[in-house]
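Residues per chain, in single letters:
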Amino acid sequence: DAVSGKPIWKHVYASDYRDQFGKDNGPRATPAIANGQVYTMGAGGIVSALDFKSGKALWRVDTQKQFSANLGFFGMACSPLVHGKDVLLNIGGEGNAGIIALDTNSGKLRWKTSADSSSYASPMIAMLDGNPRALFFTRAGLEAVEPDTGKTLFTFPWRPAINASVNAATPLVSGNLIFISTSYNKGAALLAVKDNKTETVWSRDGVMSNQYATCVLGEGHLYGFHGRADAGGCELRCVELKTGRMKWSHPGLRSGTVTLAGNELLILTERGELLRAPADPAAFRPTARAQILGFTVRACLALANGRLYARDNNHFVCVDLRKPE
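Notes on the structure follow. This one's a predicted model, so the numbers in the text were calculated from it and none came from an experiment.

When helices and strands are counted, the protein shows one helix and 27 strands. The dimensions of the protein, computed from C-alpha atoms along their principal axes, are 50 × 50 × 40 Å. In the protein, which comprises 325 residues, the share counted as buried stands at 49%. Within the protein, contacts between residues separated by at least 24 positions form 45% of all contacts whose residues are at least 6 apart in sequence. Working note: accessible area of the protein is about 15,700 Å², and carbon and sulfur atoms make up 49% of it. If you average the places of the 36 positive and of the 28 negative side-chain charges in the protein, the two averages end up 2 Å apart.

With that settled, the discussion passes to the side chain of serine 79. Assignment of secondary structure puts serine 79 in the loop between helix H1 (63-67) and strand E5 (81-83). What makes serine 79 buried here is its relative accessible area of 13%. In this structure the side chain of serine 79 is engaged in a polar contact, spanning 2.9 Å, whose partner is the backbone nitrogen of threonine 30. Residues in contact with serine 79, not counting those within four places in the same chain, are Ala29, Thr30, Leu88, Ser122 and Pro123.

Pairing is antiparallel across the open sheet formed by four strands, whose spatial order is E13-E14-E15-E16. One side of each edge strand has no neighbouring strand; the edge strands of this open sheet are strand E13 (172-174) and strand E16 (197-204). Averaged over all pairs of adjacent strands, the angle between their axes in this sheet comes to 25 degrees, without regard to strand direction. In terms of strand pairing, E13 meets strand E14 (residues 177-181) through three bridges, oriented antiparallel. Directly across from serine 174, in E14, lies its bridge partner leucine 177.

Further remarks concern the sheet that holds strand E7 (residues 97-103). Reading across from one edge, E5-E6-E7-E8 is the order of the four strands in this open sheet, with antiparallel pairing throughout. The open sheet has two edge strands with one neighbour each: E5 and strand E8 (109-113). Strand-to-strand twist of the sheet, defined as the mean angle between neighbouring strand axes without regard to direction, takes the value 30 degrees. Pairing of E5 with strand E6 (residues 86-93) involves three bridges; the strand directions are antiparallel. What sits directly across from histidine 83, in E6, is aspartate 86.

Our focus in this paragraph is the nonpolar core. Core analysis: the biggest nonpolar cluster contains 22 residues, and Tyr223, Phe225, Leu236, Val258, Ile267 and Phe284 have the highest contact counts within it. Only strand E18 (221-226), strand E19 (234-240), strand E20 (246-254), strand E22 (264-269) and strand E23 (273-278) provide two or more residues apiece to this core. In terms of residue count, E19 provides more of this core than any other element does, three residues in total. Excluding residues within four positions of it along the chain, phenylalanine 284 makes contact with Leu236, Trp248, His250, Ile267, Leu275 and Ala277. Within the second largest apolar cluster, 20 residues are counted, among which are Tyr39, Val47, Met76 and Leu102.

Let us now look at the pattern of salt bridges. This model, assessed by the stated rule, comprises eleven salt bridges. Between aspartate 230 and arginine 228 there is a salt bridge, with its nearest N and O atoms 3.0 Å apart. On the accessibility criterion, aspartate 230 (48% relative accessible area) is partly exposed. A salt bridge links glutamate 273 to arginine 289; the shortest N-O distance between them is 2.7 Å. With glutamate 273 in strand E23 and arginine 289 in strand E24 (residues 288-291), this pair connects stretches of sequence that are 16 residues apart.

Among the structural elements, serine 48 can be located in strand E3 (residues 46-51). For serine 48, a relative accessible area of 1% puts it in the buried group. Looking at serine 48, its side chain comes within polar contact range of the side chain of arginine 60, at 3.4 Å. If we skip the residues at most four places from it in the chain, serine 48 touches Tyr13, Val38, Tyr39, Thr40, Trp59 and Arg60.

Time to look at the pairing of E6. The side chains of a regular strand alternate, first on one face of the sheet and then on the other. Most of E6 sits out of view: eight of its eight residues are buried. The alternating pattern of E6 places Asp86, Leu88, Asn90 and Gly92 and Val87, Leu89, Ile91 and Gly93 on opposite faces, both of which are buried. The antiparallel pairing of E5 with E6 creates a hairpin that spans two residues between the two strands, and glycine 84 there sits at a positive phi of about 60 degrees. Pairing analysis gives six bridges linking E6 to E7, with the strands arranged antiparallel. For aspartate 86, the partnering residue across the bridge sits in E7 and is aspartate 103.

Thresholds, definitions, all that
Residues numbered from 1 in each chain as written. Predicted model: local features only at pLDDT ≥ 70, side-chain atom pairs only at ≥ 80, totals over all residues. Heavy atoms only, no water. Helix = DSSP H or I, 4+ residues; strand = E, 2+ residues; numbered from the N terminus. Buried < 20%, exposed > 50% of the residue type's maximum accessible area, 1.4 Å probe, protein only. Contact = heavy atoms within 4.5 Å. Areas by Shrake-Rupley, 256 points an atom, 1.4 Å probe, with all protein chains shown as cover. Lys, Arg positive; Asp, Glu negative; His and termini not counted. Charge placed at Lys NZ, Arg CZ, Asp CG, Glu CD. Polar contact = N/O pair within 3.5 Å; in protein donor to acceptor, adjacent residues only side chain to side chain. Pairing = 2+ DSSP bridges. Axes fitted to C-alpha atoms, helices over the stretch in contact; angles between N-to-C directions. Core = buried A, V, L, I, M, F, W, Y, C linked by side-chain atoms within 4.5 Å. Salt bridge = Lys/Arg side-chain N within 4 Å of Asp/Glu carboxyl O.

Now the structure itself:
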C-alpha cells in the first residue's frame, strides 16, 4: 500500500543466481506495469508476468535456458519495456537473440534480433522521423529497432576499450537528438538522426560520462553524475545538451541518481542523502537536504502524488514532499 507500506501481495520464485563479486544478488531491473499486468526481470534472467491486482503468476520465461542469455558481470539488469503486445528486452542471447520481444499475454517469442551482448541500460521508445523506435544501449553501443517487427534500423558503436566496463545509462531523446553516455574513458555523444542515419553533433570524454545513472534533461540542459563511482567518486554536473558545454560542476556528493520533477531536481546520493534544488543552469543551489537512507543506495527513486519512495539494501522508505497545509 503506497500510503501505509503494508503488503498487499507478494510473489516469490527460486533463483540460483549468485553475484560473482560477492555483492547483492538482485534483482536489478525495475518492473514494468501495463494493461493490468506486471513484468519483471530477475538477475538470473527469468522474466515473469503477474496479475497486477493479485500477484498471480501468468507466465514465466527463463532466458538463460531458452536463449542462452548472457549474465555479464552482475547478472541481468534490463528493465522490461512494454510496447503494444510486446515485452522488449536486451538479454544478449545466442543465435541473434541479443534483443527479443515476448508476447505480453503468453511469453512466447514474437521476434529476435541483434548479435550484441547485453548491457545494464534499459530500452526506451522514442518518436524519430514520426515513427516509434525502440532504442537499446547494448554492450556494443546504440541500436535502434522497429518495435513491431524487430528490424534493426541503425546502429552506432559506443563501447569503452577496456573489457571491465559496462554501458548502463539509458539513452535520452530530444526531438531528433539522442544522447548516449558511458564512463571508463569513453564519454558521451550527441547524435542527430534523420532517415535512420546518424550524424555526430559532438562526442567527448570528461564532460558528462555516466557510469550507471542516467541523466535528466530539462530546458535543453543535462543534469547528472559525471565520473566513476567505483574509482574515487563523481561530480554532479549541468551540461548544455546541444553543445556539450559544462555550465557548472558540484563535487562532494560522490554519486547517485537524479530525478526531474517539474523544474526541480531530486538528487538521491549513494550514501542515502536526498537533496532538492532548482534545475538551474546558472548554479547548483540546494534548497533542502535530509538523510533518508543508509550508505548503500543504487536504486532510482520513485515519485507519485507528492510522495517519494526509495530503498537501500535493507530499507524501503516513503518521504512526504508535499507542502504543509
